[in-house]
Amino acid sequence: MRQAAAILGTRTLRETIDAALREVVHAKRRLELIALLGEEGRFDFDAADAAWGADG
């Protein structure tokens with residue numbers, strides 16, 4: 001718990017548990033987003049680059 005609290009920047013057991021659970025949910029959402037972006041044809045990276053003015 002001390003190591004988790006140090007990483008998360010929390011002071012109490014309750015804060016540490018709450019922050020750890022939030023991090024688990026956020027990690028799952030990040031993995032889902034990565035999976036979506038990795039699907040063939042799901043996202044046109046060239047169009048995104050063009051929209052943001054990237055030289056390509």
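Residues numbered from 1 in each chain as written. Predicted model: local features only at pLDDT ≥ 70, side-chain atom pairs only at ≥ 80, totals over all residues. Heavy atoms only, no water.

Helix and strand counts for the protein chain stand at three helices and zero strands. Each helix and strand of the protein chain, ordered N terminal to C terminal, gives the series α-α-α. Its C-alpha radius of gyration of 18 Å places the protein chain more than 25% over the 10 Å reference for a compact globule of 56 residues. A principal-axis box enclosing the C-alpha atoms of the protein chain has dimensions of 50 × 20 × 15 Å. (Helix = DSSP H or I, 4+ residues; strand = E, 2+ residues; numbered from the N terminus. Rg over C-alpha atoms; globule rule 2.2 N^0.38 Å.)

What follows deals with the pattern of salt bridges. Following the criterion strictly, the structure yields three salt bridges and no others. When the shortest N-O distance is used, the salt bridge between Arg30 and Glu23 registers 2.6 Å. With a relative accessible area of 43%, Arg30 lands in the partly exposed category. Glu32 is paired through a salt bridge with Lys28; the nearest N and O atoms lie 3.2 Å apart. (Salt bridge = Lys/Arg side-chain N within 4 Å of Asp/Glu carboxyl O. Buried < 20%, exposed > 50% of the residue type's maximum accessible area, 1.4 Å probe, protein only.)

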